[in-house]
Amino acid sequence: MPNELILIVDDNADIRAFVRAALEGEGYKVVEAANGNEALNKFQETNPAVVILDLSMGHPDGFEVCREIRRSSQVPIIMLTDRGEEMDEAMCLASGADDYITKPVSPRILALRVSTQIRHAVSTEAKRTGVFSAGGLTLDLETRQLHIEQVSVAITRTEYDFLKLLMEHPKRVFTREQVIEAIGGSVDFSSDHFLDAHASRLRLKIKNAGGPKVITAVRGVGYRLMATQGGADSLVAQ
């Protein structure tokens, strides 16, 4: 995917130089921002294919920038941080990020994660059509909106892809690897709690909107959309 424009946001010039070298070596174009405000301006000016966003910047920090971008765009966002705490990863995903990379990272892996996000975004855009309904949930593939009865629920691109996979084939069990691939992650480099954080966040959003109880963890291999005794469908983690 040469010539795609990538926005790098980091207050460390050495990190920006490293990421630039890694991506330009793969044929990408790169634009840099040294802080959150500059990042938001550059985002509006350049319309990048992917945003690589440092978590630990000054105000506004990576979380704030990610949430602001998500107000108007579903562009893939990769958080880059030197903190490897599980809570940090969960917070990144909750703020709307699609992937999370802990520094240090090799140039090859960084470029792979970027290409995976771009490929998935392009594929998803091409497939948008129709409406899926199950268990009181309605997923509009044209507008990418989730509705529970008459309530509209804001979901990220990754959450949309997760739910779309399961609603396409109710009751079918998808392995963790299949779900990770569907949401544009890397099977080799995505942890279990990376996927569980997405599932938990989606479950909470649906619950808060009055939807059925979804994403219930049970022993097994993956996730599925299954009918409950009451006839409604629920998203069940296995």
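About the thresholds
- Residues numbered from 1 in each chain as written.
- Predicted model: local features only at pLDDT ≥ 70, side-chain atom pairs only at ≥ 80, totals over all residues.
- Heavy atoms only, no water.
- Helix = DSSP H or I, 4+ residues; strand = E, 2+ residues; numbered from the N terminus.
- Buried < 20%, exposed > 50% of the residue type's maximum accessible area, 1.4 Å probe, protein only.
- Contact = heavy atoms within 4.5 Å.
- Areas by Shrake-Rupley, 256 points an atom, 1.4 Å probe, with all protein chains shown as cover.
- Phe/Tyr/Trp six-rings, centres within 6.5 Å; stacked < 30°, edge-to-face > 60°.
- pLDDT = per-residue confidence, 0-100.
- Expected span 1.5 Å × (residues − 1).

Moving on, we get to the overall build of the protein. Per the secondary structure count, the protein includes eight helices and 13 strands. Per-residue burial for the protein yields a buried fraction of 49% across its 238 residues. For the protein, the proportion of contacts with a sequence separation of at least 24, taken over those separated by at least 6, is 56%. A total accessible area of about 11,200 Å² is found for the protein, and carbon and sulfur atoms account for 48% of it.

So, about the packing of aromatic side chains. Across all of its chains, the model carries one aromatic pair by this definition. When the centroid spacing of 5.3 Å and the interplanar angle of 90 degrees are considered together, the rings of phenylalanine 162 and tyrosine 223 count as edge-to-face. In this pair, phenylalanine 162 sits in helix α6 (residues 157-168) while tyrosine 223 sits in strand β12 (residues 222-227), placing the two residues 61 residues apart along the sequence. With respect to class, phenylalanine 162 is no different from tyrosine 223; both count as buried.

Another aspect to go through is the confidence of the model for the protein. In this model, the protein carries an average pLDDT of 81, and 81% of its residues clear a pLDDT of 70 or more. Throughout residues 227-234 the model reports pLDDT below 50, and contacts reaching past four residues in sequence, or to other chains, amount to 16 contacts.

With 12 residues, α6 should cover 16 Å at 1.5 Å per step; its first-to-last C-alpha distance of 16 Å lies within 8% of that length. Among the 12 residues of α6, 11 are classified as buried, and the element is accordingly described as predominantly covered. Those residues of α6 lying buried are Arg157, Thr158, Glu159, Tyr160, Asp161, Phe162, Leu163, Lys164, Leu165, Leu166 and Met167.

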